[in-house]
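# Coordinates in review
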Amino acid sequence: MSSQGQFSLFSQRRFLPYFVTQALGAFNDNLYKNTLLLFIALFAVDAQQSGLLTNIAAGLFILPFFLFSAIGGQIADKYEKSKLIRIIKLAEIAIMVIGALALMWQQTNLMLVVLFLMGTQSAFFGPVKFSLLPQHLDKSELVGGNGLIEMGTFLAILGGTILAGVLFEFEQALIIIAVAVIGFAFIGYVASRSIPNAPANNPELKVNYNPFTSIKHTIGNIKKERPLFLSILAISWFWFLGAGYLTQFPAFAINNLGGNTQLVTLLLVVFSFGVGLGSILCERLSGHTIELGIIPIGSIGMSTFGIDIYFAAQSVMVIENMTAMEFISHPQNYRLLADLLLLAVFSGIYVVPLNALIQTRGDDKCRAQIIAANNVLNALFMVLSAILAIVLLSVLELSIAQYFLVLGIANLIVAGYIYSQVTEFVLRFIIWIISHTMYRVKHQGINNIPDEGAAVLVCNHVSFVDALLIAGSSRRPVRFVMDKSIANMPIMKYVFKWAKTIPICSPKQDIDTYNKAFEQIQHELNKGELVCIFPEGKITKDGQLNEFKGGIEKILKNNPVPVVPMALTGLWGSFFSHKDGHAFTTKPRRFWSRVGLIVKEPIAAQDASANTLQTKVQSIITTHS
């Protein structure tokens with residue numbers, strides 16, 4: 001799906017009503033919440049009471065995510081989702097009617113109760129809305145759709161925040177806002193009525209309505225899937241950082257930069273626009289798939305520009321009560337704005353693939369519960385972010401610029417830990433870099449690789465990066481069978497290890513390695529995995545296809561699974577091939593070379609002899625050379 005295709009989702013009923021419903025919900029939440037915070041700031045008896053009520057408000061909005069997200073996840077898995085969304089949006093209208101009365105009566109305590117109810121409604125809405133997306137979008141559209149949702153959410157949060165400040169200046173502000181929140185809730189409900197049906201994932205599920213045991217059960221189940229659990233932690237870390245930055249922007253703009261509320265708004269606009277831009281860029285960078293390789297790119301950018309905010313802040317022109325236009329008029333301030341924008345852009349690049357990942361990994365029957373676990377941990381991390389801010393800013397008395405520096409460094413540490421545990425991210429990152437610098441890989445027939453179930457992929461062997469290019473092209477993880485001498489190459493052996501490569505050699509060289517390889521192949525195929533072999537048994541030294549060995553027949557005798565013939569073209573003569581000498585000994589001739597991966601229809605096991613497959617692969621090479 002092209003970038004134009006990504007935005008074409010707005011013309012489709014399976015996406016637009018969902019997008020509008022989600023965006024209006026986020027917009028309305030922030031309109032009401034920020035109105036309450038402004039009301040507290042204006043009418044509190046003193047600064048101490050204002051600070052106490054502000055913290056209570058923040059806690060009351062987050063508390064329901066701990067109490068009700070797990071229950072909401074179970075309900076979302078048990079029932080049809082479009083109907084659930086309509087019920088939840090009707091509840092929002094009722095809550096906003098109470099909220100409107102609280103505003104007009106100027107009852108702070110009732111406003112706080114409404115804020116808790118809003119958090120409760122959001123806690124039930126979250127698992128439904130994000131588990132619905134994979135049911136209405138194809139896999140090729142999921143990253144683009146998530147990017148649009150992320151963009152819409154941040155812009156809605158920004159819009160609600162700004163509109164609260166604008167409307168609060170009117171003489172009848174509270175009445176105007178009271179009418180507005182009811183109106184936006186009603187429009188959101190109308191939009192929700194056009195969302196197509198999304199059948200229940202697990203209609204037989206028995207819902208546990210105990211908030212404490214349901215949280216324990218939901219988190220416990222996710223922890224069993226360690227890569228999925230770590231991916232959720234990675235998303236929660238994004239919200240930890242996001243809360244850390246967004247919470248401090250007002251004080252940073254006013255106290256550190258000397259600005260007024262206009263400058264606060266400018267920083268929020270730049271950050272929100274950046275997250276939206278990064279979210280949209282994910283579709284282009286991912287190539288219409290859930291590309292995990294761009295996640296490390298996102299975290300590297302987040303740390304680089306997050307850390308540089310500290311240094312950029314040292315050279316900012318500070319003027320008392322500076323407006324946004326005055327700030328922009330000084331060129332020495334551009335570096336800070338660029339850092340803020342790029343921090344947000346790379347944040348969007350980081351989080352969108354992770355959101356798409358948790359929507360597709362794990363059992364479909366508990367998809368909404370996975371989203372619920374994500375929401376619980378996101379809320380927990382935002383609370384921890386607030387605690388860290390109090391410790392660093394109030395107890396240790398760091399400046400806000402120094403606090404931002406700590407966040408940037410902490411992101412490096414956390415990212416390093418996550419990538420050391422989920423090496424798939426690092427592997428995909430290496431593949432993404434190779435396929436976007438040295439090679440342009442054009443796929444043909446990639447859909448012939450089965451979406452599920454065991455299969456053996458067979459391919460010609462041209463270079464040392466064949467496995468990486470195939471792995472980067474496949475939507476599914478692939479287990480590669482590779483010559484032991486190649487699998488144990490310095491530096492590359494770590495990459496191949498992360499790829500779960502199965503080393504093999506001739507039985508004359510090492511009978512144990514040979515036997516273990518076939519045992520491991522059988523084990524992977526029994527689990528329903530994809531296994532890729534290079535039947536030539538070695539990298540070509542003359543650019544021609546070598547004779548296929550009989551190992552494929554031995555594999556199929558034990559596991560009669562489909563065989564997918566493939567061929568790589570355009571790699572002979574590359575830095576990683578043996579043309580004009582041993583690989584790695586010649587100078588790279590060019591970058592971004594055209595490489596082809598042609599995949600043909602699967603062949604039944606009984607028809608897949610070594611000779612037959614050699615003829616098939618040779619035919620592919622001859623046809624596409």
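Every value quoted in this text rests on a predicted model; they were computed, and no experiment measured them. (Residues numbered from 1 in each chain as written. Predicted model: local features only at pLDDT ≥ 70, side-chain atom pairs only at ≥ 80, totals over all residues. Heavy atoms only, no water.)

### Topic: the overall build of the protein chain
Going by this rule: Comment: elements are numbered from the N terminus, with helices defined as DSSP H or I runs of at least four residues and strands as E runs of at least two. Our radius of gyration is a C-alpha quantity, and the globule rule it is checked against amounts to 2.2 Å times the number of residues to the power 0.38. Partly exposed describes any residue whose relative accessible area lies between the buried limit of under 20% and the exposed limit of over 50%, with all areas from a 1.4 Å probe on protein chains only and scaled to the type maximum. By the convention used here, residues are in contact when the closest approach between their heavy atoms is within 4.5 Å. Here the Shrake-Rupley method, with its probe set to 1.4 Å, supplies the accessible areas, and only the displayed protein chains count as covering residues. Charge counting treats Lys and Arg as positive and Asp and Glu as negative, with His and both chain ends excluded. The location of each charge is read from NZ of Lys, CZ of Arg, CG of Asp or CD of Glu.
Scanning the protein chain from terminus to terminus reveals 22 helices and seven strands. Whereas a compact globule of 625 residues would reach a radius of gyration of roughly 25 Å, the protein chain reaches 28 Å, a difference of no more than 12%. Each principal axis of the C-alpha atoms in the protein chain carries an extent, and together these give about 85 × 60 × 45 Å. In the protein chain, which comprises 625 residues, the proportion classed as buried is 55%. Pairs at least 24 apart in sequence give 82% of the contacts found in the protein chain among residues at least 6 apart. In the form shown here, the protein chain has an accessible surface area of approximately 27,100 Å², with 61% of it arising from carbon and sulfur atoms. A distance of 7 Å separates the average location of the 46 positive side-chain charges in the protein chain from that of its 38 negative side-chain charges.

### A look at the pattern of salt bridges
We apply this condition: Salt bridges are defined as contacts in which a side-chain nitrogen from Lys or Arg sits within 4 Å of a carboxyl oxygen from Asp or Glu.
Taken as a whole and judged by the stated rule, the model has six salt bridges. With a closest N to O distance of 3.6 Å, lysine 527 and glutamate 524 form a salt bridge. Looking at lysine 527, the relative accessible area reads 47%, which means it is partly exposed. Residue glutamate 524 is classed as buried on the basis of its relative accessible area of 6%.

### Focus: the packing of aromatic side chains
Just so we agree on the cut-off: Two rings from Phe, Tyr or Trp (for Trp, the six-membered ring) form a pair when their centres sit within 6.5 Å of each other. Planes less than 30 degrees apart are called stacked, planes more than 60 degrees apart edge-to-face, and all others tilted.
Under the counting rule described, the total for this entry stands at 22 aromatic pairs. Ring centres 6.4 Å apart and planes at 50 degrees place the aromatic pair phenylalanine 15 and tyrosine 18 in the tilted group. Arranged with centres 5.2 Å apart and planes meeting at 80 degrees, the rings of phenylalanine 238 and tryptophan 239 form a pair that is edge-to-face. Accessibility expressed as a relative area gives 4% for phenylalanine 238, which makes it buried.

### Brief notes about the pairing of strand 5 (residues 530-533)
To keep things clear, this is the line we draw: Criterion used throughout: strands pair if DSSP finds at least two bridges between them.
Because side chains alternate across strand 5, one face comprises the buried residues Leu530 and Cys532, and the other comprises Val531 and Ile533, equally buried. The sheet contact formed by strand 2 (residues 455-458) and strand 5 spans four bridges and is parallel. Residue pairing for strand 5: alanine 455 is matched across the bridge by leucine 530. Sheet topology places strand 3 (residues 478-483) next to strand 5; four bridges connect them, and they run parallel. Note that in strand 5 the partner of phenylalanine 480 across the bridge is cysteine 532.

### Re helix 16 (residues 423-437)
Every α-helix winds through 3.6 residues per turn, so residues three or four apart in the chain are directed the same way. Threshold: A helix is expected to span 1.5 Å multiplied by its residue count minus one.
In a regular helix each residue adds 1.5 Å, so 15 residues correspond to 21 Å; helix 16 covers 21 Å between its end C-alpha atoms and thus fits that length. Of the residues making up helix 16, those classed as buried are Phe425, Val426, Leu427, Arg428, Ile431, Trp432, Ile434 and Ser435.

### Examining the nonpolar core
Test applied: We call a set of buried residues a nonpolar core when its members are Ala, Val, Leu, Ile, Met, Phe, Trp, Tyr or Cys and they connect through side-chain atoms within 4.5 Å of each other.
Formed by 103 residues in total, the largest nonpolar core has its most connected members in Phe252, Phe327, Tyr350, Phe404 and Phe425. The element best represented in this core is helix 13 (residues 334-360), accounting for 15 residues. Sequence-distant contacts of phenylalanine 327, defined by excluding residues within four places in its chain, comprise Leu257, Leu263, Leu266, Val316, Met322, Asn333, Leu336 and Leu337. Listed in part, the 39 residues of the second largest apolar core include Ile449, Leu469, Cys532 and Val564.

### Observations regarding the packing of helix 4 (residues 81-105) against helix 7 (residues 173-192)
To be explicit about the condition: Orientation is described by lines fitted to C-alpha atoms, with helices fitted over the stretch in contact, and by angles between N-to-C directions that extend from 0 to 180 degrees. Should an angle fall under 35 degrees it is called roughly parallel, over 145 degrees roughly antiparallel, and 65 to 115 degrees roughly perpendicular, with every other angle called oblique. Gly counts as polar in this scheme, as do all residues outside two lists: the nonpolar Ala, Val, Leu, Ile, Met, Phe, Trp, Tyr, Cys and Pro, and the charged Asp, Glu, Lys and Arg.
It is at 9 Å that the axes of helix 4 and helix 7 come closest, and there the two elements cross at 175 degrees. It follows that helix 4 is roughly antiparallel to helix 7 by the angle criterion. Each of Ile85, Arg86, Lys89, Leu90, Glu92, Ile93, Met96, Val97, Ala100, Leu103 and Met104 in helix 4 lies in contact with helix 7, whose residues at this interface are Leu174, Ile175, Ile177, Ala178, Val181, Ile182, Ala185, Phe186, Gly188, Tyr189 and Ser192. The residue inventory of the contact of helix 4 with helix 7, partitioned by class, reads 17 nonpolar, two polar and three charged.

### Digging into the sheet that holds strand 7 (residues 593-599)
Spatial strand order, 1-7-6-2-5-3-4: seven strands in an open sheet with mixed pairing. This sheet does not close on itself; its edge strands, each paired only once, are strand 1 (439-444) and strand 4 (502-504). For this sheet, the mean inter-axis angle between neighbouring strands, taken without regard to orientation, is 25 degrees. On top of the sheet, helix 21 (residues 551-558) reaches strand 2, strand 5 and strand 6 (563-569); it is set at about 170 degrees to strand 2, its chief contact.

### Regarding a nonpolar patch on the surface
Going by this rule: The patches reported here contain residues having more than 30% relative accessible area and no salt bridge. Joining distances are 9 Å for like charges and 5 Å for nonpolar side chains (Val, Leu, Ile, Met, Phe, Trp, Tyr).
A cluster of nonpolar side chains, contributed by Val97, Leu101, Met104, Trp105, Ile175 and Val179, occupies part of the molecular surface with about 550 Å² of accessible area. Here the nonpolar patch gets four residues from one element, more than from any other, and that element is helix 4. Checked against the element boundaries, valine 179 lands in helix 7.

### A word on the side chain of threonine 218
Looking at where threonine 218 falls in the secondary structure, it is placed in helix 8 (residues 211-224). With residues up to four places along the chain from it excluded, the contact list for threonine 218 reads Ala70, Gln369 and Ala373.

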